[in-house]
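Coordinate inspection notes
Spelled out, the chains give:
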Amino acid sequence: MDLALFQPDIAGNVGTTLRTVACFGVAAHIVEPCGFPFSDGALKRAGMDYAARANVRRHAGWDAFRAWSAAAGKRIVLLTTAGATPLPAFAFTPDDMLLFGSESSGVPAHVHAAADARVAIPMQPGFRSLNVAVAAGIALAEALRQTKGFAS
């Protein structure tokens, strides 16, 4: 299981997500460009010392990320408010790549179309979206639960 952030805007969300993946032993991917300097102090503060222990791979852009994920045999599962399948109904596999869009704009249409699956986290009516780091934690926990990927 891997988790990717597409052109993230907020260092604190990246730091929180890196802390989450480090704790769960999952690889993280950052699809650049980021909306902040990657070495920003807020990234370190949010991720604390856990972020330094995260397995992070940076990709120069969508094309580089897509080529890497295809070569690695990863199924790209886009978490999106425009998802076709509710999270509890989706069947994850251990080789999935969970992809999350930027905080300000999600992902562009060509990335949405390239995803192998589109999944939405169900919410109460009238709410637009969750914080990306919170959504990443929710989706990753469900994916790991289904695939028995939690550390014992």
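Keep in mind that what you see is a predicted model, and the values were worked out from it rather than measured.

1. A short note on the overall build of the protein chain
Across its full length, the protein chain holds five helices and seven strands. Going residue by residue from the N terminus, the α and β elements of the protein chain occur as β-α-β-α-β-α-β-β-β-α-β-α. Taken against the 2.2 N^0.38 rule, which gives 15 Å for 152 residues, the C-alpha radius of gyration of the protein chain at 14 Å falls within 12% of a compact globule. For the protein chain, the spread of C-alpha atoms along the three principal axes comes to 40 × 40 × 40 Å. Out of the 152 residues belonging to the protein chain, those deemed buried represent 43%. Carbon and sulfur atoms form 54% of the exposed surface of the protein chain, whose accessible area is close to 7700 Å². Taking the average place of the 13 positive charges on the side chains of the protein chain and the average place of its 11 negative ones, the gap between the two points comes to 4 Å.

2. What to know about the side chain of Asn13
For Asn13, the location among the structural elements is in helix H1 (residues 11–24). Other than its neighbours up to four places away in sequence, Asn13 contacts Glu103, Asn131, Val132 and Ala133.

3. Focus on the nonpolar core
Among the nonpolar cores identified, the biggest contains 32 residues, and Leu3, Val21, Val77, Leu79, Leu98, Phe100 and Leu140 are the most heavily contacted of them. When residues of this core are traced back to their parent elements, those giving at least two are strand S1 (2–6), H1, strand S2 (27–31), strand S4 (75–79), strand S6 (96–100), strand S7 (117–120) and helix H5 (132–147). Residue contributions to this core peak at seven residues, all from H5. Setting aside residues up to four positions removed in sequence, Val21 forms contacts with Leu3, Val26, Ala28, Ala54 and Leu140.

4. Topic: the packing of aromatic side chains
Taken as a whole, this structure holds four aromatic pairs when the rule is applied. A ring pair is formed by Phe6 and Trp62, whose centres lie 6.2 Å apart and whose planes are at 70°; its orientation type is edge-to-face. On the criterion of sequence distance, the pair formed by Phe6 in strand S1 and Trp62 in helix H3 (residues 62–71) is long-range, its members being 56 residues apart. According to the relative accessible area criterion, Trp62 is buried, its value standing at 10%. Seen in terms of ring centroids, Phe24 and Phe150 are 5.4 Å apart; in terms of plane orientation they differ by 75°. Their pairing is edge-to-face. You can see Phe24 sitting in helix H1 and its partner Phe150 sitting in the segment after H5, a full 126 residues away along the chain.

5. Points about the pattern of salt bridges
A side chain of one charge can pair with a side chain of the opposite charge if their charged atoms are brought near each other. By the definition in use, this model includes four salt bridges. Here Lys74 makes a salt bridge to Asp2, at a shortest N to O gap of 3.1 Å. Residue Lys74 is found in the loop between H3 and S4, and its partner Asp2 is found in strand S1; the two are separated by 72 residues along the sequence. The class for Lys74 is buried, based on a relative accessible area of 14%. Its salt-bridge partner being Arg145, residue Glu142 comes within 2.8 Å of it at the nearest N-O pair. Of this pair, Glu142 and Arg145 both sit in helix H5, three residues apart, which is roughly one turn of the helix.

6. Re the pairing of S7
Bridge count for S4 against S7 is three bridges, and the pairing is parallel. By the bridge assignment for S7, Leu78 is matched with Arg118. Where strand S5 (residues 85–86) meets S7, two bridges bridge the pair, whose relative direction is parallel. Of the residues in S7, the one forming a bridge with Pro86 is Ala120.

Calculation rules
Residues numbered from 1 in each chain as written. Predicted model: local features only at pLDDT ≥ 70, side-chain atom pairs only at ≥ 80, totals over all residues. Heavy atoms only, no water. Helix = DSSP H or I, 4+ residues; strand = E, 2+ residues; numbered from the N terminus. Rg over C-alpha atoms; globule rule 2.2 N^0.38 Å. Buried < 20%, exposed > 50% of the residue type's maximum accessible area, 1.4 Å probe, protein only. Areas by Shrake-Rupley, 256 points an atom, 1.4 Å probe, with all protein chains shown as cover. Lys, Arg positive; Asp, Glu negative; His and termini not counted. Charge placed at Lys NZ, Arg CZ, Asp CG, Glu CD. Contact = heavy atoms within 4.5 Å. Core = buried A, V, L, I, M, F, W, Y, C linked by side-chain atoms within 4.5 Å. Phe/Tyr/Trp six-rings, centres within 6.5 Å; stacked < 30°, edge-to-face > 60°. Salt bridge = Lys/Arg side-chain N within 4 Å of Asp/Glu carboxyl O. Pairing = 2+ DSSP bridges.

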